Amino acid sequence: MAKSISKLLAISIMLLIAFSLVAAETSPKEVKNDNKIDERDVLAEYRGGQILRKDVQNKISKLPPNMQGRFQTMEGQLQVLEIMATEEVFFHKAKELGLENTAELQERIERLQKRYYLQEYYKRNVSDMVIITDEDLQEYYHENLKAFYVNPNITIHYIQAASEAEALKAISELNQGASFAEVSDKYNQNTYAKGLKGVIKNIRLNSNIPGLGNDAALEKAIEESTVDAERVYGPIQTNTGWHLFRTVDWIEGRQKQFLEIKPEAEQRVRPSKERELLEALKERLMERYGVVIHDDVLQQIDLSGKKKSDTDLESVVISSDNQDLIYKVEDIMDVFGRLSPQEQIFYIKGGGPVQLVDQELSQKLLYLEAVNEHYEKYFDDNEEYVQQKRNLILRRAFELLVIDSIQITDEEIADYFEKNKESFANPAQRSIQVLFFDKKKTADKAWKKFAKALKKKNEKTMGKLISKYSLKPQKSLYENQYDNGVVTGIAPDADFSKRIWDNPVGYLSPVFTVNNGEIVFFRTISEKEKTYKHFNEVQPRIYGTLKQEKEKERQDQVTEELYVEYDMQKYPERIRLNLTADELFEHANNASRNRNYKDALIFFDQIEKNFPNGSDDYKAAFMKAFLVAEEMKDKDLALQLFDSFLNKYPEGDLHESARFMIQSLEGNLEGFEDFE
């Protein structure tokens, strides 16, 4: 334990040193280079156009913010340039082939345009017309006070015991002065609470206790308790088990004031105001176009198809002076048939044909009015619309030049199956029974008795021994154990896994310690042998794999052909790093916090490569090795990186930390006193 604490302290010191060094450099020493950047620099040119530096930067700016940093690196910009070059030659080929004028693509573009017609018309005639007064908000606030009430915030010390007897033992030890954390470690059956040393925070009396879920009886007991760090409530039995707790903190609930919730109230009121405006607009347009809904026909439509219907498909559901607004039953069923299965279920279980017709009619009315009033003027030059239209053209070009030329035969699928049969196997799996202890002496005592019972095949006695000695009597059976270095339900532990698989079924292990510190022994109960999936079961998966491989191969081939056809010339040597060392460090730290360790390594590599000034690269090299050791848990690579760090750089502030890390990774901490 002392060594673990010492190691943790040392690592904390190292991080403070590393980050203080990063922060201390207010004027980073960048390498002098030929990094003059102009947004008009040509990064690629071809017959018919160019790709400028500003085009690449614009493309990167459209990515989600958490991805932009990665593509601002040298490698990232090169990837974007390659994608843009490929898009350009495919797009120009599509124009030459006249794909935009084909019926298939025209239909796709019309669907896109319809979406933008509706979007722009709704915005200008509904969303932008909404007026919400303070009186509206005040009225909503007073009618929905409960929605703006902040529930109490309660913290308890909590134990879920295995039985009433165990709960009473726990209470007795607490009354004798034992710490709650120790008693929780010993008796708590709730893994969530046990992992937090029995402390459960943020209980809001909202029918959801963190770590337990909905337990009305227990929540009622908590609600009726008072803050007292010494008083133990329990044992309390509910439908989730036996409980005991102390209430240690209670922040009273409160009613939010109007000014506090005004922006939220506006967000809640707006949808209803929009619905009112839309309904009024719809009524005006129905009158203008002479629209009549024939309810007698509408009520006869069965979307589910379960009922026998006498409704004629030619019967008119909606009549109008405008031919585009006349709908027969057949048309309504066609609209329904084009919906996704999820949308179909929504209408079947919801408002049925009435809701479907209302939705279809509303959209058609707004669309016709938008077309009549030439609303394309609002989106024809819209950057988002132009890009989406371009994407449709690119997709059709890709289908025509790549996908449509691919064929996959039954023979290829069968051949792939035979060559990769092992990858379609269900691996062997075993079931084990594990007993857990906090002391080796107790474990050894239990093992001797368990071994005798096992020899006699006395399952009843073994069950009693588990109940008497194991710390987890209710959780002793662990199924689905695979030969992969991970013990399912317990911990990643190569040695434990090896013991399971290197010995026959019926094997009883000696007492040993798991990677997570638990003292155990186990027996292997059963094994399911490896089986192979049937060819018919995996045929679709194989088809998908082969299709993907052939698509990639064909795309590369077509891309190279188009590069030649359009004389595509790329200038990767003109790519320049746009980020400072400080910005790269910030991106690396953000990536690490989000557990995107590979991205963090890329940023550290960029610092080493582009800022070899003995300061930024020095810190980046250490942080990279530290990340690999502490977060990615790759011992061999971490040792290699720390060795490289010590050999590459002259003695510096982080050298001693690197030596300590090497000692720690090699399991030799005797030199820690020298480090301190």
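Keep in mind it's a predicted model, so treat the numbers as computed, not measured.

## Description of the pairing of strand E2 (residues 49-52)
Strand direction decides the pairing type here: strand E1 (residues 42-46) and E2, joined by four bridges, are antiparallel. Along E2, the bridge assignment pairs Val42 with Leu52. With antiparallel pairing between neighbouring strands as the criterion, E1 and E2 make up a hairpin whose turn holds two residues, including Gly48 at a positive phi of roughly 120°.

## Brief notes about the confidence of the model for the protein
Of the residues in the protein, 92% reach a pLDDT of 70 or more, and the chain-wide mean stands at 91. Every residue in residues 1-17 is under pLDDT 50, and counting partners more than four places away or in other chains gives 23 contacts. Taken together, the stretch residues 19-35 has pLDDT below 50 and engages in 24 contacts with residues farther than four places along the chain or on a different chain.

## Digging into the packing of helix H4 (residues 74-96) against helix H21 (residues 535-565)
Contact pair H4 / H21: the axes reach a minimum separation of 10 Å and the direction vectors enclose 75°. It follows from the interaxial angle that H4 and H21 lie roughly perpendicular. Residues Glu82, Ala85, Thr86, Val89, Phe90, Lys93 and Glu96 of H4 pack against Gln555, Val558, Thr559, Leu562, Tyr563 and Glu565 of H21. Residues of the contact of H4 with H21, tallied by class, amount to six nonpolar, three polar and four charged.

## Some thoughts on the pairing of E1
Put simply, side chains in a regular strand alternate between the two faces of the sheet. For E1, the buried fraction is high: four of the five residues fall into the buried class. Across two bridges, E1 lies against strand E20 (residues 569-570) in antiparallel orientation. By the bridge assignment, Ala44 is partnered in E20 with Lys570.

## Observations regarding the pattern of salt bridges
Enumeration according to the criterion identifies 50 salt bridges in this entry. In this structure, Arg390 engages Glu88 in a salt bridge whose closest nitrogen and oxygen atoms are separated by 2.8 Å. Of this pair, Arg390 sits in helix H16 (residues 383-401) while Glu88 is found in helix H4, placing the two residues 302 residues apart along the sequence. Take Arg390: its relative accessible area is 16%, and that puts it in the buried class. Glu88 gets classed as buried once you look at its relative accessible area, which sits at 14%.

## Description of a positive patch on the surface
A surface patch of positive charge is lined by Lys439, Lys441, Lys445, Lys448, Lys449, Lys452, Lys456 and Lys468. When residues of the positive patch are assigned to their parent elements, the largest contribution, five residues, is made by helix H18 (residues 440-455). Tracing the backbone shows Lys456 in the loop between H18 and helix H19 (459-469). Note on Lys456: relative accessible area 68%, which makes it exposed.

## Overview of the packing of aromatic side chains
Taken as a whole and assessed by the stated rule, the structure comprises 30 aromatic pairs. Judged by centre distance (5.8 Å) and plane angle (65°), the ring pair of Tyr141 and Phe258 falls under edge-to-face. Of this pair, Tyr141 sits in helix H6 (residues 134-143) while Phe258 sits in helix H11 (residues 258-288), placing them 117 residues apart in sequence. Per residue, the accessibility class of Tyr141 equals that of Phe258, and both read buried. Between Tyr507 and Phe522 the ring centres are 5.9 Å apart and the planes differ by 65°, which places this aromatic pair in the edge-to-face class. Placement of the pair is Tyr507 in the loop between helix H20 (494-501) and strand E17 (512-513) and Phe522 in strand E18 (residues 519-528), with a sequence separation of 15 residues. Each member of the pair, Tyr507 together with Phe522, is buried. Three or more aromatic residues link up through ring pairs in this structure, and these residues are Tyr618, Phe622, Phe626, Phe642, Phe645 and Tyr649. For Lys114, the ring lying beneath its charged end belongs to Tyr367, and the centroid distance is 5.6 Å. Stacked on the ring of Tyr478, the Lys or Arg Lys475 has its end atom at 4.8 Å from the ring centre.

Scoring rules and cut-offs
Residues numbered from 1 in each chain as written. Predicted model: local features only at pLDDT ≥ 70, side-chain atom pairs only at ≥ 80, totals over all residues. Heavy atoms only, no water. Pairing = 2+ DSSP bridges. Helix = DSSP H or I, 4+ residues; strand = E, 2+ residues; numbered from the N terminus. pLDDT = per-residue confidence, 0-100. Contact = heavy atoms within 4.5 Å. Axes fitted to C-alpha atoms, helices over the stretch in contact; angles between N-to-C directions. Parallel < 35°, antiparallel > 145°, perpendicular 65-115°, else oblique. Nonpolar A, V, L, I, M, F, W, Y, C, P; charged D, E, K, R; others polar. Buried < 20%, exposed > 50% of the residue type's maximum accessible area, 1.4 Å probe, protein only. Salt bridge = Lys/Arg side-chain N within 4 Å of Asp/Glu carboxyl O. Patch = residues over 30% accessible without salt bridge, like charges linked within 9 Å, V, L, I, M, F, W, Y side chains within 5 Å. Areas by Shrake-Rupley, 256 points an atom, 1.4 Å probe, with all protein chains shown as cover. Lys, Arg positive; Asp, Glu negative; His and termini not counted. Charge placed at Lys NZ, Arg CZ, Asp CG, Glu CD. Phe/Tyr/Trp six-rings, centres within 6.5 Å; stacked < 30°, edge-to-face > 60°. Lys NZ or Arg CZ within 6 Å of the ring centre and 35° of its normal.

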